[in-house]
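Fold and contact review
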Amino acid sequence: MLENAFIMVVIIMAINIVYVSLSTLRVILTLKGRRYIAGTIGTFEIVIYTLGLGLVLDNLGEIQNLVAYGLGYGLGVVIGSMIEEKLALGYITVNVISSNPDISFTRQLREKGYGVTAWYAYGMDGDRLSMQILSPRKYELHLYETIKTIDPKAFIIAYEPKQIHGGFWVKQVKKGRIRKSVEKAEEQQEAKQEEVHSRGE
């Protein structure tokens, strides 16, 4: 009896985790304009949802099933958002303001494959270099590290554009230069770690 109750709890929780994870992905994909993929996910999502809800409604007197349903829902939201972060779909636009307009910021970023538009601005304490940078979301953290390496005091604001059309940016970003620069940076980092490790031995 207890074994059957435990199995039911696990099944309900697993079904709800899968359902809510798919639901989270569907919403995100819909917002990003991937409507056909979102529609396909929605088909599986509703089937799984019906199965889970049916199990709970058939055993409505069992409080542990309701608890499992609620916990599965919460875990599904977390897991769905984690999956989306790993997929890192779309692009990120980063606005950067450097306190030193003489730094060769744009050249260094363009060499790494990022699309950069720059202009001079004026802040409370003097001249500034303002930039708008486009990057695939999966390289977002690498971009931040690159910016901080060039100017540790740079002011950074990031947001996700809903639509991008035309221009030099998209063509440049899609050529894969950023991927190559990221892979090169990772190889250099690994080489440094191996060197430090060998010295330690």
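Look above for the structure.
Digging into the environment of M8
Take M8: it is sitting in helix α1 (residues 2-31). Distance in space between the C-alpha atoms of M8 and N65 is 7.4 Å, their sequence separation being 57 residues. Not counting the four nearest positions on each side in its chain, M8 is found in contact with L55, N59 and N65.

Observations concerning the layout of surface pockets
Volume-wise, the second largest pocket comes out at about 180 Å³. Lining the second largest pocket are Q108, K112, H142, E145, T146, T149, I150 and A185. Sort the elements by how many residues they give to the lining of the second largest pocket and helix α5 (residues 140-150) lands first, with five residues. In terms of residue class, the lining of the second largest pocket is made up of two nonpolar, four polar and two charged.

Remarks on the sheet that holds strand β2 (residues 115-123)
A sheet is described by the order of its strands in space; here four strands give the open sequence β2-β3-β1-β4, paired in antiparallel fashion. Of all the strands in the sheet, just β2 and β4 (155-159) have a single pairing partner and so form its edges. Strand-to-strand twist of the sheet, defined as the mean angle between neighbouring strand axes without regard to direction, takes the value 20 degrees. Of the pairings in the sheet, the one linking strand β1 (residues 91-98) to strand β3 (residues 126-136) comprises eight bridges and is antiparallel in character.

Considering the packing of aromatic side chains
Taken as a whole and judged by the stated rule, the model has one aromatic pair. Taking the centre distance of 4.8 Å and the plane angle of 40 degrees together, the rings of Y19 and Y49 count as tilted. Here Y19 is found in helix α1, whereas its partner Y49 is found in helix α2 (residues 35-58), with 30 residues between them in sequence. Taking relative accessible area as the criterion, Y49 reaches 28% and is therefore assigned partly exposed.

Definitions and limits used
Residues numbered from 1 in each chain as written. Predicted model: local features only at pLDDT ≥ 70, side-chain atom pairs only at ≥ 80, totals over all residues. Heavy atoms only, no water. Helix = DSSP H or I, 4+ residues; strand = E, 2+ residues; numbered from the N terminus. Contact = heavy atoms within 4.5 Å. 1 Å grid on protein atoms, 1.4 Å probe; cavity = no way out; pocket = protein on both sides within 12 Å on 5 of 7 lines; lining within 4 Å. Points joined across faces, edges and corners; volume = space filled by probe spheres on them. Nonpolar A, V, L, I, M, F, W, Y, C, P; charged D, E, K, R; others polar. Pairing = 2+ DSSP bridges. Axes fitted to C-alpha atoms, helices over the stretch in contact; angles between N-to-C directions. Phe/Tyr/Trp six-rings, centres within 6.5 Å; stacked < 30°, edge-to-face > 60°. Buried < 20%, exposed > 50% of the residue type's maximum accessible area, 1.4 Å probe, protein only.

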